[in-house]
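The primary structure of each chain is shown beneath.
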Protein chains: 2
Amino acid sequence: MDNISDLIERYLKKLLADSSKEYIEVQRSDLAVRFSCVPSQINYVLTTRFSAGHGYFVESRRGSGGYIRIVKLQLDQRADLILDLCAIVGDSISQSDAEGLISRLHEEKFISLREARLMQAAVDGNTLRLSMPVRGDQLRAIILKAMVISILRS
Amino acid sequence: MDNISDLIERYLKKLLADSSKEYIEVQRSDLAVRFSCVPSQINYVLTTRFSAGHGYFVESRRGSGGYIRIVKLQLDQRADLILDLCAIVGDSISQSDAEGLISRLHEEKFISLREARLMQAAVDGNTLRLSMPVRGDQLRAIILKAMVISILRS
DNA sequence: ATAGCTAAGGTCAGTAAAAGTCAAAAAGGA
DNA sequence: TCCTTTTTGACTTTTACTGACCTTAGCTAT
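Scoring rules and cut-offs
Residues numbered from 1 in each chain as written. Chains lettered and ligands numbered in written order. Predicted model: local features only at pLDDT ≥ 70, side-chain atom pairs only at ≥ 80, totals over all residues. Contact = placed C-beta atoms within 7 Å. Helix = DSSP H or I, 4+ residues; strand = E, 2+ residues; numbered from the N terminus. Domains from an automatic or database assignment. Nonpolar A, V, L, I, M, F, W, Y, C, P; charged D, E, K, R; others polar. Buried ≥ 20, exposed ≤ 12 C-beta atoms within 10 Å, placed from the backbone. Axes fitted to C-alpha atoms, helices over the stretch in contact; angles between N-to-C directions. Parallel < 35°, antiparallel > 145°, perpendicular 65-115°, else oblique. Near = placed C-beta within 6 Å.

S.K.: I keep staring at the interface of chain B and chain A and nothing clicks. Help me out?
M.R.: When the parts of a complex come together, some accessible area is lost, and that lost area is often used as the size of the interface. Facing the 27 residues of chain B at the interface are 25 residues of chain A. Within the residue set of the side of chain B that touches chain A, elements represented by two or more residues are helix 6 (113-123), helix 7 (125-131) and helix 8 (136-150) of chain B. Broken down by element, the residue count for the side of chain B that touches chain A peaks at 8 residues, all from helix 8 of chain B.

Take a look at the structure:
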């Protein structure tokens, strides 16, 4: 139930929360040692849990003195939040990214927990797949954008 | 009278009763071993005895470190009304009926105005028609029920 | 300068470990 | 008997993890 990827995710998010800046810098090999895993697992965690859809931006540099920088994008500093969110969603969005975006909206206090759950339910993979075997990601994007617009307007 | 499904049901309900939280997490394969049955029997038990209508909500994750989480909804007398409304939705619902149902939920103070707007947006005709010219009413019913059930949590 | 070494991080495909689906077979019950 | 519920298992999908091989950046000795 607590797989390594979840532990790494939590660790990085705690670092971010404790940091005074909006980003952190880590070393891939350090993390791999700390969590007794292969280095490439760090990349796995980054792509599955720190994607743009989840509200993060990852930069890195190789070579000696290399690093991985994880930036937490601040939603509340966006000039036009609705447009930006719709751009992030795009024409198609995976369930994982949708979940990340919704929980982010909740963390940033744009929506309540109940509202987050409502939105999750509407774009849930099982819900959508029941009706549309294919193109679930497109449908999810359409519904998610409609909800984002409705709740952030006003 | 003592079939395996009943035993599994009782076991899970005892776990829930003994738990300090309102949910439990189990592993499907563990249960299958414990009760000497095939893993898919667990799914059978979940769908026949732990549905929303029975007052439960089931989430799960696949892959290594996967789990099944069973949430017990604490239902008050008002929950019956919600479940009835959910049953009324059925397999298919028109936009105007959906709107009626949503405003009813709001009038009965089950949901806030913002939540009502959110739900309206998700099942809006234009939104759904964009993606599915046909079967829009079926899709609307599926999404609406998922959202209605979600408000039973919390 | 620069060739070459070293120390980072990246990619990708393959394997393993879960849970899900579906329909057929078996068992019960009225 | 006939219908419903339970049980089974073959096949699928999703998620996590691993390792071999690749790329990039800095450093150092010539």
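S.K.: How should the domain arrangement of chain A be read in this particular structure?
M.R.: All names here are of chain A. Segmenting chain A into domains produces domain 1 (4-72) and domain 2 (75-152). Each of domain 1 and domain 2 has a C-alpha centre, and these two points are 24 Å apart. At the junction of the two partners, domain 1 supplies 6 residues and domain 2 supplies 8 residues. Looking at the side of domain 1 that touches domain 2 residue by residue, the class counts come to 1 nonpolar, 5 polar and no charged.

S.K.: Any chance you could explain the environment of B:D18 here in plain terms?
M.R.: Residue and element names in this part refer to chain B. Its place among the elements puts D18 in helix 1 (residues 4-18). The exposed category is assigned to D18, around which 8 C-beta atoms lie within 10 Å. For the pair formed by D18 and D84, sequence separation is 66 residues and the distance between their alpha carbons is 30 Å.

S.K.: Help me understand the packing of helix 4 (residues 77-89) of chain B against helix 8 of chain B in this model?
M.R.: Helix-helix packing is characterised by the crossing angle of the two axes and by the distance between the axes. All names here are of chain B. Look at helix 4 against helix 8: their axes get within 10 Å of each other, and the N-to-C directions meet at 175 degrees. Judged by the angle between their axes, helix 4 and helix 8 are roughly antiparallel. The segment helix 4 lies against helix 8, with I82, L85, C86 and V89 engaging A141, L144, K145, V148 and I149. Classifying every residue of the contact of helix 4 with helix 8 gives 8 nonpolar, no polar and 1 charged.

S.K.: Hey, could you run me through unusual backbone geometry in this one?
M.R.: Excluding glycine, most residues fall at negative phi; most peptide bonds, likewise, are trans. Residues and elements named next belong to chain A. Even without being glycine, S36 reaches a positive phi, approximately 50 degrees. Its identity is not glycine, yet K109 carries a phi of approximately 65 degrees, on the positive side. In this fold, K109 is placed in the loop between helix 5 (95-107) and helix 6 (113-123). Assessed through the 9 C-beta atoms surrounding it within 10 Å, K109 is described here as exposed.

S.K.: How should the protein's contact with DNA strand C be read in this particular structure?
M.R.: In the region of DNA strand C, 27 residues are neighbours, and A:R28, A:G66, B:R28, B:S40 and B:G66 sit closest. Contributing elements (two or more residues each) for the surface near DNA strand C: helix 2 (28-34), helix 3 (39-49) and strand 3 (67-72) of chain A together with helix 2 (28-34), helix 3 (39-49) and strand 3 (67-72) of chain B. Of the residues contributing to the surface near DNA strand C, the split by class is 5 nonpolar, 18 polar and 4 charged.

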